[in-house]
Amino acid sequence: MPKFVRQQQERLIPKNDRMAKWLHFLTNEDDMRWAEMAKQDPMLEMAVDILKQASLDPETRMQYEAREKALKDIASIRGDGKREGKLEIAKKMINKGMALELIAEMTELPFEEVEALKNKLT
């Protein structure tokens, strides 16, 4: 660590060096600088979020984790609902005799999946 500090002071380490950013982060004693560091690198931002979560008292952490799980569940349900909607539209388009390439393009479903859906319907 002393060698790193000396090289940093002598400006021998590039400012955007990822290892240097992590060393700054790990040796930082001022919690207020974490937010500033997080803005410079997405990985550091994730580390700051994890540190904030870990520093919560147990009850608050449990509430935080429950909320995060609920948000992920909601996003998953919405994603599944969108997919089901696309499949229903694709079925209607197949029944109307539309080209499979067009159906795949319009519904953003893989061509192979549209083709399998057509085979299943006939």
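For the structure, see preceding data.
Now for a quick tour of the structure. (Residues numbered from 1 in each chain as written. Predicted model: local features only at pLDDT ≥ 70, side-chain atom pairs only at ≥ 80, totals over all residues. Heavy atoms only, no water.)

## Quick word on the overall build of the protein chain
Inference 1: The helix and strand tally for the protein chain stands at seven helices and zero strands.
Inference 2: A total of 122 residues make up the protein chain; the buried ones form 19% of that total.
Inference 3: Relative to all contacts within the protein chain whose residues are 6 or more apart in sequence, the contacts with residues 24 or more apart total 19%.
Inference 4: Carbon and sulfur atoms form 56% of the exposed surface of the protein chain, whose accessible area is close to 9,800 Å². (Helix = DSSP H or I, 4+ residues; strand = E, 2+ residues; numbered from the N terminus. Buried < 20%, exposed > 50% of the residue type's maximum accessible area, 1.4 Å probe, protein only. Contact = heavy atoms within 4.5 Å. Areas by Shrake-Rupley, 256 points an atom, 1.4 Å probe, with all protein chains shown as cover.)

## So, the packing of helix 5 (residues 58–95) against helix 6 (residues 100–107)
Inference 1: Where helix 5 meets helix 6, the axes come as close as 10 Å, and the angle between the chain directions of the two elements is 155°. What the angle tells us is that helix 5 and helix 6 run roughly antiparallel. Once helix 5 is placed against helix 6, the crossing between them reads as right-handed. Along the contact surface, helix 5 presents Lys86, Ile89, Ala90, Met93 and Ile94, while helix 6 presents Leu100, Ile103, Met106 and Thr107.
Inference 2: Residue classes in the contact of helix 5 with helix 6 are distributed as seven nonpolar, one polar and one charged. (Axes fitted to C-alpha atoms, helices over the stretch in contact; angles between N-to-C directions. Parallel < 35°, antiparallel > 145°, perpendicular 65-115°, else oblique. Left-handed = near helix turned anticlockwise from the far one by under 90°. Nonpolar A, V, L, I, M, F, W, Y, C, P; charged D, E, K, R; others polar.)

## Regarding the nonpolar core
Inference 1: Of all hydrophobic cores here, the largest spans 10 residues; its members are Leu87, Ala90, Met93, Ile94, Leu100, Ile103, Ala104, Leu109, Val114 and Leu117.
Inference 2: Only helix 5, helix 6 and helix 7 (111–121) provide two or more residues apiece to this core.
Inference 3: If you tally residues by element for this core, the top one is helix 5, at four residues.
Inference 4: Leave out the neighbours within four places in its chain, and Met93 touches Met98, Ile103, Met106 and Thr107.
Inference 5: Phe25, Trp34, Ala38 and Ala47 belong to the second largest nonpolar core, which has seven residues in total. (Core = buried A, V, L, I, M, F, W, Y, C linked by side-chain atoms within 4.5 Å.)

## Things to note about the pattern of salt bridges
Proximity of charged atoms lets side chains of opposite charge pair with each other.
Inference 1: Per the stated rule, a full pass over the model turns up four salt bridges.
Inference 2: One salt bridge connects Glu113 with Arg83, and the closest N-O pair in it is separated by 2.2 Å. With Glu113 in helix 7 and Arg83 in helix 5, this residue pair connects regions lying 30 residues apart in the sequence.
Inference 3: On the basis of relative accessible area, Glu113 is assigned to the partly exposed category, the value being 22%.
Inference 4: Here Glu88 ties to Lys91 by a salt bridge, and the two come within 3.4 Å at their closest N and O atoms. Residue Glu88 and its partner Lys91 are located together in helix 5, separated by three residues, close to a single helical turn. (Salt bridge = Lys/Arg side-chain N within 4 Å of Asp/Glu carboxyl O.)

## Details of helix 2 (residues 18–27)
Inference 1: Within the span of helix 2, buried status applies to Ala20, Lys21 and Phe25. Seen along its axis, helix 2 keeps its buried residues to an arc of 140°; they face one direction. Of the exposed residues in helix 2, the ones pointing more than 90 degrees away from its buried face are Met19 and Leu26. (Arc of directions from axis to C-beta.)

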